[in-house]
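Here is how the chains run, residue by residue.
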Amino acid sequence: MSEYTSRTEKRRAQQSGNKKQQKNKKPKQKKSIWKKILISLFVIMGVGLIAGGATAAAIISGAPELDPEELMLAEGATVYDVNDNELGRLHGAEKRSYRSIEEIPEHVSNAFVAVEDMRFYDHMGIDVRRLGGAVVANITGGFGSEGASTITQQVVRNAFLSADKTISRKLQEQWLAFQLERQYSKDEILEMYLNIIYFSSDAYGIGEASIRWFGKEDLSELTVADAAVLAAVPRRPSYYNPIDNPENAESRRNLIIGMMEDQELISSEEADEARNTSIHDQINHTPADDTIGHTSFMNHVRDEIEQIDGLSIGDLYAAGFDIYTTIDPEAQEFAERVVQTDEFISSYPDNDSFQVVSHC
């Protein structure tokens, strides 16, 4: 009996030992599985990062060079008469009146910074905080549903890239924006931006838009309300065009005025005054003048320019030349009246009264 008991106890002891060994083995097996999973994940992530980095590098290497000449924006030629008075301007496809940053009042540039890129003076071409919000929006709403382009990115996009909403174009845009920030000051970049942006109706740049909508060639005459209208348009030029859609423009104008006030770029008094201004009282529409007088004379000017070595007709529309001519508008007008009216010659003889006389 004692032997049986001892054998039974021995068997139980062996079974108990086996169970303990099995318990000890299970965690090791679990740890081994998780270790393999983690290693696999790290390998996949590493391969993905390498592949992604190589792809990004290839896309960036295909970006255009940051050519300073491309940043020299096309500006039409200004033509002057014999008395140095402006006759008019000759434009290419883009009508632009280039303005330096010194000519642009601070409240005007502040309006654009407030709505387009509030951290413009703090980043190096890419606003990481804004980019993060755009990434979330693009994941939930689809790629391209929300942009995060800074003012610097908008400059390089307009000067060097297309407007296509693709990942490759976006990567190139960010790379070029970083390069632009390294080579130019914030004021220089802001000047480029304010002269390159499109305001609808073939008007490019703040100078042309100011003339077109407010009849103000001198930008120092622009009010806070005017500045907010100008800053409202580039997001959706046709929709916020103050001539065609004044209600839309006024609504966005007031939004921008509020943003300027919140960012302490204007006082509460200035904000209230601007908001209380009717947009209809602001607008002084000056239609685009695509013609310039004295057509025959101007054609002669074009012909002469084409004959100058090193210049082309393209330079006439792009280089912002000041062209001084010999035309006297008063004398020209008098000559045209003589030819085109009966003011000076009341009647002409009939053709039948003239005979060809031969002097053979």
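Caption draft 1: Structural detail: the overall build of the protein. Scanning the protein from terminus to terminus reveals 14 helices and five strands. For the protein, with 360 residues in total, the buried portion stands at 35%. Within the protein, residue pairs in contact and separated by at least 24 positions form 64% of the contacts whose partners lie at least 6 positions apart. By element, 52% of the accessible surface of the protein is carried by carbon and sulfur atoms, the whole surface being about 22100 Å².

Caption draft 2: Seen up close, the pattern of salt bridges. As enumerated under the stated definition, the model contains nine salt bridges in all. The closest approach of N and O atoms between Glu 173 and Arg 157, which form a salt bridge, is 3.1 Å. Here Glu 173, found in helix H5 (residues 167–183), pairs with Arg 157, found in helix H4 (residues 151–160); they are 16 residues apart in sequence, far enough to count as distant. The class of Glu 173 is buried, set by a relative accessible area of 0%. A salt bridge links Asp 272 to Arg 275; its shortest N-O distance comes to 3.1 Å. Here the residue Asp 272 and the residue Arg 275 both occupy positions in helix H10 (residues 268–275), the gap between them amounting to three residues, near one helical turn. Here the salt bridges share partners, and the residues they tie into one network are Arg 157, Lys 170 and Glu 173.

Caption draft 3: Local environment of the side chain of Lys 170. With respect to the element layout, Lys 170 can be found in helix H5. Judged by relative accessible area, Lys 170 falls into the buried class, the value being 18%. Within the local environment of Lys 170, its side chain forms a polar contact with the side chain of Glu 173, the two groups lying 3.2 Å apart.

Caption draft 4: Region of the structure containing the nonpolar core. Core analysis: the biggest nonpolar cluster contains 53 residues, and Phe 112, Phe 199 and Leu 230 have the highest contact counts within it. Put simply, the parts of the chain that give this core at least two residues each are helix H2 (106–116), H4, H5, helix H6 (186–196), helix H7 (205–214), helix H8 (224–232), helix H9 (246–262) and H10. With eight residues, H8 is the largest single contributor of residues to this core. Every residue in contact with Phe 199, bar those within four places of it in the chain, is listed here: Phe 112, Gly 205, Ile 206, Ala 209, Trp 213, Leu 230, Val 233, Pro 234 and Pro 237. Ala 77, Val 79, Val 301 and Ile 305 belong to the second-largest nonpolar core, a separate cluster that totals six residues.

Rules and cut-offs
Residues numbered from 1 in each chain as written. Predicted model: local features only at pLDDT ≥ 70, side-chain atom pairs only at ≥ 80, totals over all residues. Heavy atoms only, no water. Helix = DSSP H or I, 4+ residues; strand = E, 2+ residues; numbered from the N terminus. Buried < 20%, exposed > 50% of the residue type's maximum accessible area, 1.4 Å probe, protein only. Contact = heavy atoms within 4.5 Å. Areas by Shrake-Rupley, 256 points an atom, 1.4 Å probe, with all protein chains shown as cover. Salt bridge = Lys/Arg side-chain N within 4 Å of Asp/Glu carboxyl O. Polar contact = N/O pair within 3.5 Å; in protein donor to acceptor, adjacent residues only side chain to side chain. Core = buried A, V, L, I, M, F, W, Y, C linked by side-chain atoms within 4.5 Å.

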